[in-house]
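Reading the structure
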Amino acid sequence: MAGTGWRLHGDGRAVSPGEVVAPDERLTWGRTVGIGLQHVVAMFGSTVLVPALTGFPVATTLFFSAIGTALFLLITRNRLPSYLGSSFAFIAPILASSAGSATGGILVTGVLLAVVGVVVHLAGSRWIDVVMPPVVTGTVVALIGLNLAPAAWGTTEDSGFRADPVTAVTTLLAIALTSVLFRGLLGRLAILVGVVVGYVVAALRGLVSFDAVESASWVGLPTFTAPHVEVSDLALFLPVVFVLVAENVGHVKSVAAMTGRDMDPLAGRALVADGLATTLAGLGGGSGTTTYAENIGVMAATKVYSTAAYWVAAAAALVLSFSPKFGALVGSIPAGVLGGAATLLYGMIGVLGARIWVQNKVDFADPVNLTTAAVALIVGIANYTLTTSSGLTFEGIALGTVAAIGLYHLMRAVGRARGTTTA
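Residues numbered from 1 in each chain as written. Predicted model: local features only at pLDDT ≥ 70, side-chain atom pairs only at ≥ 80, totals over all residues. Heavy atoms only, no water.

1. A word on the nonpolar core
Counting residues in hydrophobic clusters, the biggest one holds 95 residues, and the most contacted among them are Leu80, Val136, Val245 and Tyr346. Looking at this core element by element, the count peaks at 11 residues for helix H12 (residues 231-259). Not counting residues within four places of it along the chain, the set of residues in contact with Val136 comprises Thr372, Ala404, Ile405 and Tyr408. By size, the runner-up hydrophobic cluster in this structure holds five residues, among which are Leu27, Ile35, Val304 and Ala309. (Core = buried A, V, L, I, M, F, W, Y, C linked by side-chain atoms within 4.5 Å. Buried < 20%, exposed > 50% of the residue type's maximum accessible area, 1.4 Å probe, protein only. Helix = DSSP H or I, 4+ residues; strand = E, 2+ residues; numbered from the N terminus. Contact = heavy atoms within 4.5 Å.)

2. With respect to the packing of aromatic side chains
Under the defined criterion, the tally for this structure stands at eight aromatic pairs. Grouped by ring-pair contacts, the aromatic residues Phe63, Phe64, Phe224 and Phe322 constitute a single cluster. Over the face of the ring belonging to Trp218 we find Lys325, whose NZ or CZ atom lies 5.1 Å from the ring centre. (Phe/Tyr/Trp six-rings, centres within 6.5 Å; stacked < 30°, edge-to-face > 60°. Lys NZ or Arg CZ within 6 Å of the ring centre and 35° of its normal.)

3. So, the confidence of the model for the protein chain
The share of residues in the protein chain with pLDDT of 70 or more is 95%, and the mean pLDDT across the chain is 86. The spread of mean pLDDT over the elements of the protein chain runs between helix H9 (residues 184-188), the lowest at 65, and helix H13 (residues 267-284), the highest at 95. (pLDDT = per-residue confidence, 0-100.)

4. Remarks on unusual backbone geometry
A positive phi angle, near 60°, is found at Asn78, a position not held by glycine. When its relative accessible area of 2% is taken as the criterion, Asn78 is described as buried. Phi is positive for Asn383, close to 55°, though the residue is something other than glycine. Position of Asn383 among the secondary structure elements: in the loop between helix H18 (367-381) and strand S5 (386-387).

5. A few points about the pattern of salt bridges
Under the defined criterion, the tally for this structure stands at six salt bridges. Here Asp24 makes a salt bridge to Arg7, at a shortest N to O gap of 2.7 Å. Here Asp24, found in the loop between strand S1 (7-8) and strand S2 (25-26), pairs with Arg7, found in strand S1; they are 17 residues apart in sequence, far enough to count as distant. Owing to a relative accessible area of 44%, Arg7 belongs among the partly exposed residues under this scheme. Salt-bridge contacts for Asp164 lead to Arg205; the nearest nitrogen and oxygen are separated by 3.0 Å. With a gap of 41 residues between them, Asp164 in the loop between helix H7 (149-153) and helix H8 (165-181) and Arg205 in the loop between helix H10 (190-204) and helix H11 (211-215) connect regions that are remote in the sequence. A relative accessible area of 11% places Asp164 in the buried class. Under the relative-accessibility criterion, Arg205 is labelled partly exposed at 39%. Connected through salt bridges with shared partners, the residues Arg7, Asp24, Glu25 and Arg261 form a single ionic network. (Salt bridge = Lys/Arg side-chain N within 4 Å of Asp/Glu carboxyl O.)

Shown next as structure tokens:
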């Protein structure tokens, strides 16, 4: 494939049964634009929900999402289709960090992920499985989601689910029912549909203020904020690196399975690209990014894996980022709607960890695996906290991650030496 070119698939109008449009192919530009806009719809609900939950500027997050996607396509040389949207893994550390320091944490996370990507590109991805076997990866992902449970309920009377239980329940039910009532793309957009339904219900009940929307201009630059690094908060963000590694490697393997192409050589490039995209977001005040499973669903449904469609999606997201009125509209989503959506989203992150265990057939009859998961999950869910004499504070996500990695390798080493466990 030429660096930026795509050859036409067949006549460019249809995909024959059993065929797929490969990353280096495209349909006619009209069809490619249409599919690209589907990708925008698919990523939209989750990407804007993260800044809505964390207080980050929506337009800024969309801007860096678009730039990050373009950067990802360039670094992977248009061979790996992906949209980089807001990562849910950042929600917990952002909410737990001190005021203003989240951007610094996102920046450092991005740099570390890029470094991991360089190592993977040069040395291969096998060492990731050694340091972070499935039982550890699944545990870290699960504890990040479950650690957020109190935030879903609401840390104050006017936040989260308890701010407006009626709207929250409506939103949650709308998401759940949409996912089983509809097939295809609409079913995959259950979160977006549920948020819209909850928003309408809240508006009809007089709980939505449109003042900021009315006063916002249609066109304007996103708000950019310089990063502020707080050393005491960095430990909150370090576990996110492990999650992003798992998500990116999983994305590479998923696309490889669907296209029938060996994508493993691109794993390092994917990690570097997501790391740089997250670094840029941290530099300018946007939320960190990751490869999006939502868009894998669009590819699976359309059988179109053309990276050309993702350039269209990135361009569309960039245009949306220059509309303050759009950002104000997202910012007007009431707490009850966010609480209802968060109840499902945070739980999904937790269950995703269990899914990793199941897919990799983790044996919990093995005391090493059982102890690793059991201890780390409780540390994360209960939000154990350790404050050092120098004033550094480590909370549940960081301590749970350390417990998972440390316990696993300690117990496995002792077990091998004593002959009480197998490799």
